[in-house]
Structure formats: structure tokens, C-alpha cells
Amino acid sequence: MLVEIRHDGQTEILSCGHPGPLLADATRVTELHCPAALPLGLGSVPEPLTITLHPMERLLLYTDGLIEARDDHGQFAELMKIVDPVRTSDLDTVL
């Protein structure tokens, strides 16, 4: 995953097989869907996903370990429930 965020909020995201980043604001967390691409080293030529980040929005990049996490009962944990605090909590605490 490669992300470039410019001073004006214009953001380009390149993904070579990683889960899509999550865009959080005060009301919700949304999964962004990057164009599919092969992993690096296998001839990948990824297409960028272009978005504009606005003040108070947060972009969460993560690995597949987060989506493979399990709860106390051995069930896959709910991704959106896990990341919901990213919307408004202090980042040093929530991360």
C-alpha cells in the first residue's frame, strides 16, 4: 500500500493486494475499494484510487491480520466494530 497525501487533501492510494483503507469521519467508517492489482514483484501495475481528504477525516491503513482477528469465541471479529473508535477517539489511545 502506498499513499500520497498532498497539502490540499488530494490523496492517491495504490494497493498491491492489501485490504482497502478505511476512511473515518465523525459519523461513520467506510471501506475504500482500490482497483485490483497483483502483488509487487509479480508484474503489478496498480491504478491509483484518488480521493480528497477533508479536515477531521482519518485514513486507516491495516494489514490482513486485523481482518483475521478472532473474538473470545473463536469467531472472526467484526472489522467495523473494532475500528469504530478511530472515528473520534484520541489516536494515541485508539491505535
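Everything below is about the structure printed above this text.
Since this is a predicted model, take the numbers as computed values, not measurements.

Cut-off values and rules
- Residues numbered from 1 in each chain as written.
- Predicted model: local features only at pLDDT ≥ 70, side-chain atom pairs only at ≥ 80, totals over all residues.
- Heavy atoms only, no water.
- Pairing = 2+ DSSP bridges.
- Helix = DSSP H or I, 4+ residues; strand = E, 2+ residues; numbered from the N terminus.
- Buried < 20%, exposed > 50% of the residue type's maximum accessible area, 1.4 Å probe, protein only.
- Polar contact = N/O pair within 3.5 Å; in protein donor to acceptor, adjacent residues only side chain to side chain.
- Contact = heavy atoms within 4.5 Å.

## Topic: the pairing of strand S1 (residues 2-5)
Item 1. Bridge count for S1 against strand S2 (residues 10-14) is four bridges, and the pairing is antiparallel. Following the sheet pairing, Leu2 is matched in S2 by Leu14.

## Side note on the side chain of Ser15
Item 1. Residue placement: Ser15 occurs in the loop between S2 and strand S3 (22-24).
Item 2. Here Ser15 falls in the buried class, since its relative accessible area comes to 5%.
Item 3. A polar contact of 3.2 Å, which involves the side chain of Ser15, links it to the backbone oxygen of His18.
Item 4. With residues up to four places along the chain from it excluded, the contact list for Ser15 reads Met1, Cys34, Pro35, Ala37 and Pro46.

## What about the side chain of Ser44?
Item 1. Among the secondary structure elements, Ser44 is positioned in the loop between strand S4 (29-31) and strand S5 (49-52).
Item 2. Taking relative accessible area as the criterion, Ser44 reaches 18% and is therefore assigned buried.
Item 3. Reaching out from Ser44, the side chain makes a polar contact with the backbone oxygen of Leu38 at a distance of 2.7 Å.
Item 4. Excluding residues within four positions of it along the chain, Ser44 makes contact with Cys16, Ala37, Leu38 and Pro39.

## Quick word on the pairing of S5
Item 1. Burial along S5 is one-sided: the residues Leu49 and Ile51 are buried and none of Thr50 and Thr52 is.
Item 2. Bridging between S2 and S5 involves four bridges; their strand directions are antiparallel. Residue pairing in the sheet places Ile13 in a bridge with Leu49 of S5.

Fair warning: the whole summary comes from geometry, so function is off the table for now.
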